[in-house]
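So you can see what is in the structure, the chains are spelled out below.
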Amino acid sequence: MTCKDTRNLLNAYVDGELDSAGSLSVENHVQQCASCLSGMENLRALASLIENGALRFNASRHLKRNVQAAIRAANPGAGSPLFGWRWASALASVVVIVALTWGVTTQWRRSSEETLLFNNIVSSHVRSMMANHITDVSSSDSHTVKPWFGGKLDYSPPAKDLTGQGFRLIGGRLDYLDNRPVAALVYQRSQHFINLFVWPVRTTEITQDGQLSRQGYNIIHWTQSGMTYWLISDLNPAELSECARLLKE
Amino acid sequence: MPDQNELAAFNEAVLPHLGTAYNLARWLTRNDQDAEDVVQEASLRAFKYWKGFSGRDCRSWLLAIVRNTYYSWLRQRSDQPELTEDGEVDNVDDSTPSPETLLLQNADREMLRSALEDLRVEFREVIVLREMEGLSYKEIADISDVPIGTVMSRLARARKQLQIYLTNSSARNSL
């Protein structure tokens, strides 16, 4: 591993957030590299400074009492008896506000779910690159990759080999997206890796096909034969579209 | 209309995390009174949404509400648009040399406190959640509503800035 790769992983290593393969490669590298080793020591020194620095602020004793009083005041019926008409009118305005924001939040929730999914897809892709853990099964043979998913998923993802068309299938991996385990198929085009995430469509799912770009990655989404497909790579949009077209064929 | 039982359940599940909520609010607002206001407002919001909360992780849920309350408080107060999401999965600037570990170790608590207060708010936030509350990247990502990659890059940048600030002040002190 290079120094640059190692620096990118050092924080996650010190925080215990790397998988064992990632940790091992960081450890191997710092044994031979004084500069990365001192980077690691600095992170540890900082962590122990903060830990011993007693930097936490403690809430005052009356905070809890005030919070409870505020909740009771805003929600008559939840606590103290006897509230006058002032509280009734205050409550009425709270009800109106809640009713108004309710409409806003239910509309907004859908798009926030979408955003979350986009973000998770980008994160999964980035993680698969960073931790040197892009495939669980490495093979360009779709007859090896496809059966590997059997028993690990409740569906069988397509594993199309596009080596002839310039997109080499290099393997598959189990990932977790949209609150379920999903298949990730990995393709390579020159130096670019492409992740294809596939899972069966849920009824409430985003069904609109589309293309977008996030954080420098291009993403293409479509649904076909009851499956939802998400293709992501740092490859340029034109070549990625070509890849999507071949996959849909 | 909320009843006695609902309030009791809320008190039992949520109020134990008020200390954590206060610490986050205190570091975000950098002021005692503002922090208390934010926690109080956040608790009211939390109680409002309590019925709809399906309840896996009360602490993260409350912290996310505290954070959102802080940002709306900030908007009201300064009339500034919310900080736009940088969203980048960028690398820390590698051209900056690593500071001397020894100087770092000599930094004192007051230096540390002001270094942390000087950080940009989204950096302060990840340091508080990770270093003081010991939350995982996933939990922080959920609370801050950003991808894990962004949590990683913010943490890396925040720590780098703290290191540089601390070694500089500690070097000045030892002159």
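The paragraphs below set out a description of the structure included in this document. Treat the numbers as computed from the prediction; the structure is a model and nothing was measured. (Residues numbered from 1 in each chain as written. Chains lettered and ligands numbered in written order. Predicted model: local features only at pLDDT ≥ 70, side-chain atom pairs only at ≥ 80, totals over all residues.)

**Structural notes on the interface of chain B and chain A**
Part 1 of the argument: Contact with chain B, which involves 50 residues of that partner, is made by 42 residues of chain A.
Part 2 of the argument: Secondary structure elements with two or more residues in the side of chain B that touches chain A: α1 (4–14), α2 (18–29), α3 (32–49), α5 (101–105), α6 (109–118), α7 (121–132) and α9 (148–173) of chain B.
Part 3 of the argument: Of the residues forming the side of chain B that touches chain A, the biggest block, 8 residues, is contributed by α9(B).
Part 4 of the argument: For the side of chain B that touches chain A, the residue count by class is 24 nonpolar, 14 polar and 12 charged. (Contact = placed C-beta atoms within 7 Å. Helix = DSSP H or I, 4+ residues; strand = E, 2+ residues; numbered from the N terminus. Nonpolar A, V, L, I, M, F, W, Y, C, P; charged D, E, K, R; others polar.)

**A word on the packing of helix α8 (residues 137–144) of chain B against α9(B)**
All names here are of chain B.
Part 1 of the argument: With their axes 8 Å apart at the nearest point, α8 and α9 run at an angle of 105° to one another. One way to sum up the angle between α8 and α9 is to call them roughly perpendicular. In this structure, α8 contributes Tyr137, Lys138, Ile140, Ala141 and Ser144 to the contact, and α9 contributes Ile148, Val151 and Met152.
Part 2 of the argument: Broken down by class, the residue content of the contact of α8 with α9 amounts to 6 nonpolar, 1 polar and 1 charged. (Axes fitted to C-alpha atoms, helices over the stretch in contact; angles between N-to-C directions. Parallel < 35°, antiparallel > 145°, perpendicular 65-115°, else oblique.)

**Here's the deal with α7(B)**
Part 1 of the argument: Under the 1.5 Å per step criterion, the end-to-end length of α7(B) is 15 Å for 12 residues, consistent within 8% with the ideal 16 Å.
Part 2 of the argument: Of all the positions in α7(B), only Glu125(B), Val126(B), Ile127(B), Val128(B), Leu129(B), Arg130(B) and Glu131(B) are classed as buried.
Part 3 of the argument: Each element contacted by the buried residues of α7(B) is listed here: α3 (34–52) of chain A together with α2, α6, α8 and α9 of chain B.
Part 4 of the argument: After α7(B) finishes, the residue Gly134(B) shows a positive phi value of roughly 65°. (Expected span 1.5 Å × (residues − 1). Buried ≥ 20, exposed ≤ 12 C-beta atoms within 10 Å, placed from the backbone.)

**Some words on the sheet that holds strand β5 (residues 210–214) of chain A**
Residue and element names in this part refer to chain A.
Part 1 of the argument: One open sheet accounts for 7 strands, arranged β1-β2-β3-β4-β7-β6-β5; its pairing is antiparallel. The outermost strands of the open sheet, each flanked by one partner alone, are β1 (137–138) and β5.
Part 2 of the argument: As defined by bridge partners, β1 adjoins strand β2 (residues 168–177) across 2 bridges and the pair is classed as antiparallel. Directly across from Val137, in β2, lies its bridge partner Gly172.
Part 3 of the argument: Lying on the sheet, helix α7 (residues 237–248) is in contact with β3 (180–189), β4 (192–200), β5, β6 (217–224) and β7 (227–233); it crosses β6 at an angle near 20°. (Pairing = 2+ DSSP bridges.)

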